[in-house]
Amino acid sequence: MKPTDIAHPDYFHKVVDCQWACPSHTPVPEYIRLIAAGRYDDAYLVNWQSNVFPGILGRTCDRPCEPACRRGRVEEGGDHKAKSEPVAICRLKRVAADFKSDIRARLPQRAARRNGKRIALVGAGPASLTVARDLAPLGYELVVFDGDARAGGMMRTQIPKFRLPDSVIDEEVGYVLDLGVEFRAGARVDSLGALLGEGWDAVFVGSGAPRGRDIDVPGRAEAAANVHIGIDWLASVSFGHTTRIGRRVVVLGGGNTAMDCCRSAKRLGGDDVQVVVRSGYDEMKASSWEKEDAAHEGIPIHNFLVPKAITHDGGKLTGVTFEKVAPEYDAKGRRRLIPTGEPDVHFPCDDVLVAIGQENAFPWVERDLGLDFDEHGMPVVDPATMSSTRPGVFFGGDAAFGPKNIIWAVAHGHDAAVSIDLYCRGEDVGKRPSPLYNLVSQKMGIHEWSYDNAITADRRFRVPLKDPKLALKNIKIEVELGYDVRVAFAEAQRCLNCDVQTVFSGKLCIECDACVDICPMDCITFTTNGDETDLRTRLKAPAVNLAQDLYVSGELKTGRVMVKDEDVCLHCGLCAERCPTGAWDMQKFLFEPAHADDRCRAHRAPATAYAAAAD
């Protein structure tokens, strides 16, 4: 193998598993260290720069960072069977939001003067608000159009208040609008052609995926009065239009929306709420913690049942009939569901909530505007630039690639803002600005480091919950109480500081193998070189995770090379402490993708420029 090029920004970025997995590339270990130090304002602002909505996402994020967390794969429990759980990255983000002080003075201020460019943003959800956040400091005139009375989009209309209180949305949406962004409430856009005719310099479409999928089974039309589309029903509950539901409720679907529906129904009078899913439990799209929360509130989930008919008595809903199915896989591993032949199952109910997915609806986008659509009715969008096929029109969030989640919408917004800024300045939107990245030694002495490298054996700390007897009485009572300061510190200590990298200098190495002897994970090997497939089998501990790289040195004096498996390294620093020549060093790696508002800063400083040093 060739020597590893550690100067390439993606190499160590990929080693910081949580940040690599985050669509907006939040520097997770950085803000967790700040939380451990009690610097909640700084931790919040590091988050705010990358993911815009720390308090919202600290409660609702789908957490792609946590399955990637190194902690969840390098340690085993005492029985050597159960693996340790990842660091509670998402809930620590909430800690920063819960315990910060008033940080408004440290946010970017309104631009002193406009730059003469007008941008229209369709939809007041996370994608549009991120675009506005990034472009406002640059002097753009930004107008957000939304049919609702308050900004926030799906964050406000589709996430129940017991998960995300309005006060949190108001605060974090307010930070964006206070930058001089105009919000036109109740201004639904019914024609993109008409909007384009108003002479905007660019248009961003962040209208979400506003239509819930329906079912087509016998009895659906006749019993329509008590069969509700999940996302529409949640919006009606959010706005206070719906305050009650029948005692017996069947929820169809296995995603997060279904979990929100069943838990909301439980609070609005449904004391017999059943979730029915066509797939298996492990195949459900709902996050594991969403399923656990439903189970905690006594809501059963039934799997491998396909709706066959909605039963009614003269139009009055009486229940839903299901066919039992089982999975069958072909030679290529493709699954299909086949009837088991067992008797059908009937669930009596007073209301049905259909939460089987969402889809985009663009009846307001004329097809003669130069915008291409694919066979699924989705706009053709460049995933790197968020550009449509019509110059000056950009898409993001669910409107671009279908339903995902808030953090993906934020990432799209950042990318679109860069493109809009380049487009309005007459530059090529395909030439993306480079990220900021650097390596800084953490050495303070022969065996001392400027970060805490003690590995705690603590298991993941559970977030305290409101007593179900109280939580189920009021749909606006927040269920999760969040960590207190003491538990937050303990959970933060579980972070392995994966951004503090083990950097090797072959020129200083005397091949004494001291680092090999002391490494607790057996991830360092000195051996003869070979191709990657061969090397992975000849290491002290075989490197089986092909998704993570091998760190390979140049040829050493004996002709051997140093090979380190990045996958299981604890970043504990023992190799650097033991090395007698300083061939190993612990160096903090910082990666920040470029944002449009970087241009308003005289020098491209790290996110901690917003989190000005407090020590």
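Use the structure listed above.
Being a predicted model, the structure only gives us computed values, none of them experimental.

Teacher, can you tell me more about the overall build of the protein chain here?
Helix and strand counts for the protein chain stand at 22 helices and 22 strands. On C-alpha atoms alone, the protein chain measures out to a radius of gyration of 26 Å, which is about the 25 Å that the 2.2 N^0.38 rule sets for 615 residues. Overall size of the protein chain, expressed as C-alpha extent along the three principal axes, is 85 × 65 × 50 Å. The 615 residues of the protein chain split such that 56% are buried. For the protein chain, the proportion of contacts with a sequence separation of at least 24, taken over those separated by at least 6, is 71%. Carbon and sulfur atoms provide 51% of the accessible area of the protein chain, an area that totals close to 26,100 Å². Counting 76 positive and 87 negative side-chain charges, the protein chain places the centres of these two groups 2 Å from one another.

Where do I start with the pairing of strand 1 (residues 118-122) in this structure?
The side chains of a regular strand alternate between the sheet's two faces. Counting buried residues in strand 1 gives four out of five residues, a clear majority hidden from the surface. Considered for its hand, the β-α-β crossover made up of strand 1, helix 9 (residues 126-135) and strand 2 (residues 141-145) is right-handed. As paired elements, strand 1 and strand 4 (residues 202-205) share four bridges and run parallel to each other. Note that in strand 4 the partner of Ala120 across the bridge is Val203.

Could you clarify how one ought to interpret the sheet that holds strand 20 (residues 550-552) in this entry?
Spatially, the three strands line up as an open sheet ordered 19-21-20, and their pairing is antiparallel. Strands at the two margins of the open sheet, each flanked by one partner only, are strand 19 (524-527) and strand 20. In this sheet, adjacent strand axes meet at a mean angle of 25 degrees when their direction is disregarded. Where strand 19 meets strand 21 (residues 561-565), four bridges bridge the pair, whose relative direction is antiparallel. Across the sheet, residue Thr525 finds its bridge partner in strand 21, namely Val563.

Sorry if this is basic, but what is going on with the side chain of Glu172 here?
Locating Glu172 in the fold gives a position in helix 11 (residues 166-177). One buried charged residue, Glu172, remains without a salt bridge, the closest side chain of opposite sign being Lys100 at 5.7 Å. Other than its neighbours up to four places away in sequence, Glu172 contacts Tyr44, Phe53, Pro54, Gly55 and Ile56.

For this particular structure, what's the right way to read empty space enclosed by the protein?
Rolled over the atoms, a probe with the dimensions of a water molecule shows which regions are left empty. What the rule picks out here adds up to six cavities of 30 Å³ or more. Computed from the structure, the largest cavity encloses a volume of approximately 120 Å³. Arg59, Arg91, Phe162, Arg163, Arg263, Trp289, Glu290, Asp293, Glu478, Val479 and Glu480 are the residues that line the largest cavity. Among the elements that line the lining of the largest cavity, the one with the most residues is helix 15 (residues 288-296), at three residues.

How should I be thinking about the environment of Ile510 in this particular structure?
Tracing the backbone through its elements, the reader meets Ile510 in the loop between strand 18 (500-504) and helix 20 (514-518). For Ile510, a relative accessible area of 52% puts it in the exposed group. Once residues within four sequence positions are removed from consideration, Ile510 is found in contact with Pro580 and Thr581.

Help me understand the pattern of salt bridges, please; the structure alone is not making it clear to me.
Any two side chains of opposite charge can pair, so long as their charged atoms come close to each other. Summed over the entire model, instances satisfying the criterion amount to 52 salt bridges. Notably, a salt bridge pairs Arg334 with Asp330, separated by 2.9 Å at the nearest N-O pair. On the basis of relative accessible area, Arg334 is assigned to the exposed category, the value being 52%. The salt bridge involving Glu427 is made with Arg425; its shortest N-O contact spans 2.8 Å.

Reading the values: rules and limits
Residues numbered from 1 in each chain as written. Predicted model: local features only at pLDDT ≥ 70, side-chain atom pairs only at ≥ 80, totals over all residues. Heavy atoms only, no water. Helix = DSSP H or I, 4+ residues; strand = E, 2+ residues; numbered from the N terminus. Rg over C-alpha atoms; globule rule 2.2 N^0.38 Å. Buried < 20%, exposed > 50% of the residue type's maximum accessible area, 1.4 Å probe, protein only. Contact = heavy atoms within 4.5 Å. Areas by Shrake-Rupley, 256 points an atom, 1.4 Å probe, with all protein chains shown as cover. Lys, Arg positive; Asp, Glu negative; His and termini not counted. Charge placed at Lys NZ, Arg CZ, Asp CG, Glu CD. Right-handed = clockwise from strand over helix to strand, strands pointing away. Pairing = 2+ DSSP bridges. Axes fitted to C-alpha atoms, helices over the stretch in contact; angles between N-to-C directions. Salt bridge = Lys/Arg side-chain N within 4 Å of Asp/Glu carboxyl O. 1 Å grid on protein atoms, 1.4 Å probe; cavity = no way out; pocket = protein on both sides within 12 Å on 5 of 7 lines; lining within 4 Å. Points joined across faces, edges and corners; volume = space filled by probe spheres on them.

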